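Next come the chains, spelled out residue by residue.
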Amino acid sequence: MTCYSLIGRNFFNSALIGDFELTGVGVGAAIALFMPLCQLKRENIIVDFFTAKCSRQFNFKLDRLGDLLMMAIFSLLAWRCGAAAIKAKENMGASMLLEFPDWIVLTSMCIPFGITAVIAAMQVITKFDKNKVAP
C-alpha cells in the first residue's frame, strides 16, 4: 500500500490518502497478534552474552524471572489498551485523515496482549525440563 502510494505520488501525481495510517494500524495489529505465539514458543529475543557461562539452574531461574516480567508487562499493556479502547469509544476518537476508529485498533491489541500475559503466567507456574535449552 505504501509502495503504491509512493509510486502514485511520484509518477502520477495521485497519492493514496491515509496510506501511512492504514500501514501503522496493520503493522501494530500484526505485531500484537503474533505476540502470543512468540511467547508460547519461547522465541523472544534472549541476550545471553552475560549468562552463557552460568549454570543451567541459574539460567532456569532467570528464564522464570523473565516470564514473570513478561506476564506483568503484558498484563499492564492489556489493561491500558482496554482502558484506552473504552475511552476512545466514548470520545469517538479516530485517525486524522481516514477517521478510522481508534477503539478498533486498541481492541485488536488488547486481546492478544491479555493472551500473552496468560501464556507467560502459565510458563511461570508450570515446571518443565531444566536441562532443555531454547532453540
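Residues numbered from 1 in each chain as written. Predicted model: local features only at pLDDT ≥ 70, side-chain atom pairs only at ≥ 80, totals over all residues. Heavy atoms only, no water.

S.K.: Tell me what's going on with the overall build of the protein, and back it up with residues and numbers.
M.R.: Within the protein, the secondary structure is distributed over four helices and zero strands. Mapped from its N terminus to its C terminus, the protein presents α and β elements in the order α-α-α-α. Considered along the principal axes of its C-alpha atoms, the protein spans approximately 60 × 40 × 20 Å. Looking at the protein residue by residue over its 135 residues, the buried ones come to 24%. Taking the contacts inside the protein whose residues are at least 6 apart along the sequence as the reference set, 65% of them involve residues at least 24 apart. (Helix = DSSP H or I, 4+ residues; strand = E, 2+ residues; numbered from the N terminus. Buried < 20%, exposed > 50% of the residue type's maximum accessible area, 1.4 Å probe, protein only. Contact = heavy atoms within 4.5 Å.)

S.K.: Could you give an account of unusual backbone geometry, with specific residues and numbers?
M.R.: Phi at Arg42 takes a positive value of approximately 55°, unusual for a residue other than glycine. With respect to the helices and strands, Arg42 occurs in the loop between α2 (19–40) and α3 (56–91). At Met92, a position not held by glycine, the phi torsion is positive, near 55°. Here Met92 is to be found in the loop between α3 and α4 (102–125). The exposed category is assigned to Met92, whose relative accessible area is 72%.

S.K.: A description of the side chain of Gln39 should follow, citing residues and the corresponding values.
M.R.: As for its position among the elements, Gln39 is in helix α2. In this structure the side chain of Gln39 is engaged in a polar contact, spanning 3.4 Å, whose partner is the side chain of Asp67. Excluding residues that lie within four positions of it along the chain, Gln39 makes contacts with Asn44, Asp67, Met70, Thr116, Ile119, Ala120 and Gln123. (Polar contact = N/O pair within 3.5 Å; in protein donor to acceptor, adjacent residues only side chain to side chain.)

S.K.: Which residues make up the packing of α3 against α4, and what values do they have?
M.R.: In the contact formed by α3 and α4, the axes pass within 7 Å of each other and the chain directions differ by 155°. Regarding the angle of α3 to α4, the classification is roughly antiparallel. The element α3 and its partner α4 pack so that their crossing is left-handed. Per-class residue counts for the contact of α3 with α4 are 19 nonpolar, six polar and four charged. (Axes fitted to C-alpha atoms, helices over the stretch in contact; angles between N-to-C directions. Parallel < 35°, antiparallel > 145°, perpendicular 65-115°, else oblique. Left-handed = near helix turned anticlockwise from the far one by under 90°. Nonpolar A, V, L, I, M, F, W, Y, C, P; charged D, E, K, R; others polar.)

S.K.: An account of the packing of aromatic side chains is requested, with residue identities and associated values reported.
M.R.: According to the stated counting rule, one finds two aromatic pairs in the structure shown. An angle of 85° between the planes, with centres 5.1 Å apart, marks the rings of Phe49 and Phe50 as edge-to-face. Across this residue pair, the class does not change: Phe49 and Phe50 are exposed. Geometry around Phe60 places Arg64 over its ring, the cationic atom sitting 4.8 Å from the centre. Directly above the ring of Trp79 sits Arg80, whose terminal nitrogen or CZ lies 4.8 Å from the centroid. (Phe/Tyr/Trp six-rings, centres within 6.5 Å; stacked < 30°, edge-to-face > 60°. Lys NZ or Arg CZ within 6 Å of the ring centre and 35° of its normal.)

S.K.: Go over the pattern of salt bridges, please, and point to the residues and values.
M.R.: Here the structure, examined in full by the defined rule, presents two salt bridges. The residue Asp67 makes a salt bridge to Arg64 at a minimum N-O spacing of 2.5 Å. Taken together, the positions of Asp67 and Arg64, both in helix α3 and three residues apart, correspond to about one turn of that helix. Judged on exposure class, the residue Asp67 and its partner Arg64 are both buried. Among the ionic contacts, a cluster of salt bridges with common partners joins Arg42, Arg64 and Asp67. (Salt bridge = Lys/Arg side-chain N within 4 Å of Asp/Glu carboxyl O.)

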